[in-house]
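Notes for the structure review
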Amino acid sequence: MQRIFSGVQPTGNLHLGNYLGAIRNWVRLQNDYECIFCMVDLHAITVWQEPDQLRSNTREVAAAMIASGVDPENNIIFNQSQVPQHAELAWIFNCVARLGWLDRMTQFKEKAGKDKERASVGLYAYPNLMAADILVYKATHVPVGEDQKQHLELCRDIAQKFNHDYEEDFFPIVEPLIFGEATRVMSLRDGTSKMSKSDASDASRINMTDDVDTITKKIRRARTDAEPLPMEVAGLKGRAEAANLVGIYAALNDSSSAQVLAEFGGQGFGVFKPALADLAVDKLATIQDEMRRLMADPAHVDGIIRSGAEKARAIAEPILREVHNKIGILQP
Ligand code: TRP
């Protein structure tokens, strides 16, 4: 069975974009792959995190995965820091990757902003740690959104250089798994920017913890244009907000934008928005209830995470030992 690794940053405010773009897909993968899902706390602290928040956000991500249907018995759910092999391999990759490779990373440029002198060194080396996350398990497939493709390319470059320097075919050359519709859920206030936990406007996103009223209100107030929905997908061109809402409906309903338009084409948002709100509430309610139940018992969640980490360490330890051997590091 092929092995999947995926990571999500425990930085709070899990929203519909995280659910439809990542977590929901993971639920589907668990039957076909050996899955390792990780809350990447070491990536999170490349920018400032409040300690208490980081702890509870880490639990919240685990709770969201379990509540969404990822089975922690048959999969591995854990936080990165409990498996020290990630950080150890990342250091080795710091010595494999070239400065020129990292200089090209667009996410660093975006996150560092104008004043990159003040960005943490960790933020710069972030992609090397991500490569270590994946390769410390010799994972072959990584489900990611479009925005992480460049980092996966770097992971392939690192694997290739390591293989070339020490031994052909030691690390696998990973393949991205990119999903179909609505993997990119956009802001409810601006159909051209991604739904994001860091957007100043809470109305721009549907949080996994929003209640029924809030979800309904946010969808009702979502930005749209004045036209009715088109009959065909081509008619969504240039209508980013309409396309986003149709895409969300399709994703929640396990259908396609074409199917949604077959039902709602020609109708106005006065009809479509309430239907979307009902669907969203219906699909999210059970997950939210289960998340609340789990979050009320943090010790239970911590136990699940600990046992996930144990399983992860059992895979990572021998692989890192092999790496040490290859590069000539003396071992106990
Ligand atoms: N960088 C990813 C993101 O922000 C999170 C991540 C860290 C990741 N390590 C990973 C994703 C390994 C896939 C595989 O979305």
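Residues numbered from 1 in each chain as written. Predicted model: local features only at pLDDT ≥ 70, side-chain atom pairs only at ≥ 80, totals over all residues. Heavy atoms only, no water.

**A word on the packing of helix H4 (residues 85–94) against helix H13 (residues 298–327)**
In plain terms, the rule: Helix axes use the C-alpha atoms of the stretch in contact, all axes being lines fitted to C-alpha atoms, and the angles between their N-to-C directions lie in the range 0 to 180 degrees. Helix numbers and strand numbers start at the N terminus; a helix is a DSSP run of H or I with at least 4 residues, a strand a run of E with at least 2. Roughly parallel here means an angle under 35 degrees, roughly antiparallel means over 145, roughly perpendicular means 65 to 115, and every remaining angle is called oblique. Take the far helix as the reference: if the near one is turned anticlockwise from it by less than a right angle, the crossing is left-handed, and if turned clockwise, right-handed. Any two residues having at least one pair of non-hydrogen atoms within 4.5 Å are treated as being in contact. Residue type decides the class: Asp, Glu, Lys and Arg count as charged, Ala, Val, Leu, Ile, Met, Phe, Trp, Tyr, Cys and Pro as nonpolar, and the leftover types, Gly among them, as polar.
Closest axis-to-axis distance for the H4/H13 pair is 10 Å, and the angle between their directions is 25°. Relative to H13, H4 is oriented roughly parallel. Once H4 is placed against H13, the crossing between them reads as left-handed. Here H4 contributes Gln85, Glu88, Leu89 and Ile92 to the contact with H13, which in turn contributes Arg313, Ala316, Glu317, Leu320, Val323, His324 and Ile327. Residue classes in the contact of H4 with H13 are distributed as six nonpolar, two polar and three charged.

**A look at the nonpolar core**
Formally: Among buried residues, those of type Ala, Val, Leu, Ile, Met, Phe, Trp, Tyr and Cys that are joined through side-chain atoms within 4.5 Å constitute a nonpolar core. When a residue's accessible area, from a 1.4 Å probe over protein chains only, is under 20% of the maximum for its type it is buried; when over 50% it is exposed; and in between it is partly exposed. Domain start and end points were adopted from an automatic or database domain assignment.
Among the nonpolar cores identified, the biggest contains 107 residues, and Met65, Phe78, Leu89, Phe93, Ile134, Tyr137 and Phe272 are the most heavily contacted of them. Top element by residues in this core is helix H12 (residues 269–295). It accounts for eleven residues. When residues of this core are sorted by domain, at least three fall in each of domain 1 (3–178 + 297–327) and domain 2 (202–293). Non-local contacts of Tyr137, meaning those with residues more than four positions away in its chain, are made with Arg3, Phe5, Ile36, Phe78, Val83, His86, Ala312, Ile315, Ala316 and Ile319.

**Brief notes about the site of the ligand**
Counted only if it meets this: Distances are taken per atom, and a residue is near a molecule or strand as soon as one of its heavy atoms is within 4 Å of it. For the purposes of these results, a polar contact is taken to be a pair of N or O atoms within 3.5 Å, where, inside protein, one atom must be able to donate a hydrogen and its partner to accept one; residues adjacent in sequence count only when each atom of the pair is a side-chain atom. Each accessible area is a Shrake-Rupley result for a 1.4 Å probe, and residues are judged covered by the shown protein chains and nothing else. Method remark: on a 1 Å grid restricted to protein atoms, a set of points is classed as a cavity if a 1.4 Å probe fits but cannot get out and as a pocket if it is open with protein on both sides within 12 Å along at least five of seven lines; lining residues have an atom within 4 Å of a point. Whether a molecule lies in a cavity or pocket depends on its atoms, and more than half of them have to be within 2 Å of the grid points.
Near the ligand lie 13 residues; those nearest to it are Gln9, Tyr126, Met130, Asp133 and Gln148. Take Gln9: an N or O atom from its side chain is 3.4 Å from an oxygen atom of the ligand. In this structure, Asp133 approaches the ligand through a side-chain N or O atom, which is 2.7 Å from a nitrogen atom. Taking 370 Å² as the accessible area of the ligand by itself, protein coverage stands at 88%. Assessed atom by atom at 2 Å from the grid points, the ligand resides in the largest pocket. Where the shell around the ligand is concerned, the elements lending two or more residues are strand S1 (3–8) and helix H7 (121–135). The element best represented in the shell around the ligand is H7, accounting for four residues. Within the shell around the ligand, the residues separate by chemical class into seven nonpolar, five polar and one charged.

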